[in-house]
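In case you want the letters, here they are:
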Amino acid sequence: MVILVMAITLLNVALAIALPAWSQAIRREKEEELVFRGLQYAEAIRVFRNRFQRLPVRLEELIETKPRCIRQLWKD
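Residues numbered from 1 in each chain as written. Predicted model: local features only at pLDDT ≥ 70, side-chain atom pairs only at ≥ 80, totals over all residues. Heavy atoms only, no water.

Kindly report on the overall build of the protein chain, identifying the contributing residues and their values.
Scanning the protein chain for helices and strands turns up two helices and zero strands. Scaling as 2.2 N^0.38, a compact globule of 76 residues should have a C-alpha radius of gyration of about 11 Å, whereas the protein chain reaches 24 Å, well beyond that. With the C-alpha coordinates of the protein chain rotated into their principal frame, the extents come out at 75 × 15 × 15 Å. Burial statistics for the protein chain: of 76 residues in total, 14% are counted as buried. (Helix = DSSP H or I, 4+ residues; strand = E, 2+ residues; numbered from the N terminus. Rg over C-alpha atoms; globule rule 2.2 N^0.38 Å. Buried < 20%, exposed > 50% of the residue type's maximum accessible area, 1.4 Å probe, protein only.)

Structure follows, in structure tokens:
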């Protein structure tokens, strides 16, 4: 019984140590995705400006114009 209590305690300590690292890894992945999306928008605006010699008035123009400048618009 004592060994079981010690094993559960050790597992709880290990879990308490691992949770912050896991949380930070998830946050880092989300930040990487946001950076990727920002770069995609920047590239699409650059392509739009090169094709039409003006900046888009709204983001939907990047999709509505033919040929499209970006594949999709992401939720904010």
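Alright, that's what it looks like, and here's the rest.
Break down the packing of aromatic side chains for me, with residues and values.
Under the definition given, this model contains three aromatic pairs. An angle of 70° between the planes, with centres 6.2 Å apart, marks the rings of phenylalanine 36 and tryptophan 74 as edge-to-face. Here the residue phenylalanine 36 occupies a position in helix α1 (residues 2–52), and tryptophan 74 occupies one in the segment after α2 (61–64), the gap between them amounting to 38 residues. A residue is classified by how much of its surface remains accessible, and phenylalanine 36, at 39% relative accessible area, is partly exposed. Put simply, the rings of Phe36, Tyr41 and Trp74 touch in pairs and so form one group of aromatic residues. (Phe/Tyr/Trp six-rings, centres within 6.5 Å; stacked < 30°, edge-to-face > 60°.)

Account for the pattern of salt bridges, with residues named and values stated.
As a working rule, side chains carrying opposite charge can pair if their charged atoms are close by. Counting across every chain of the model gives five salt bridges. For the salt bridge of arginine 46 with glutamate 43, the shortest nitrogen-to-oxygen distance reads 2.5 Å. With arginine 46 and glutamate 43 both in helix α1 and three residues apart, the pair spans about one turn of that helix. For arginine 46, a relative accessible area of 37% translates into the label partly exposed. For arginine 58, the salt bridge is made with glutamate 64, and the minimal N-O distance between the two is 3.0 Å. Looking at glutamate 64, the relative accessible area reads 46%, which means it is partly exposed. (Salt bridge = Lys/Arg side-chain N within 4 Å of Asp/Glu carboxyl O.)

Hey, could you go over the nonpolar core for me, with residue numbers and the actual values?
With eight residues, the main nonpolar core is built from Tyr41, Ala44, Val47, Phe48, Leu62, Cys69, Ile70 and Trp74. Sort the elements by how many residues they give to this core and α1 lands first, with four residues. (Core = buried A, V, L, I, M, F, W, Y, C linked by side-chain atoms within 4.5 Å.)

Would you mind going over the side chain of glutamate 61 in detail, with residue names and values included?
Within the secondary structure, glutamate 61 sits in helix α2. Among the polar contacts listed, one links the side chain of glutamate 61 to the backbone nitrogen of valine 57, at a separation of 2.5 Å. Among residues more than four places away in sequence, those in contact with glutamate 61 are Phe48, Arg54 and Pro56. (Polar contact = N/O pair within 3.5 Å; in protein donor to acceptor, adjacent residues only side chain to side chain. Contact = heavy atoms within 4.5 Å.)

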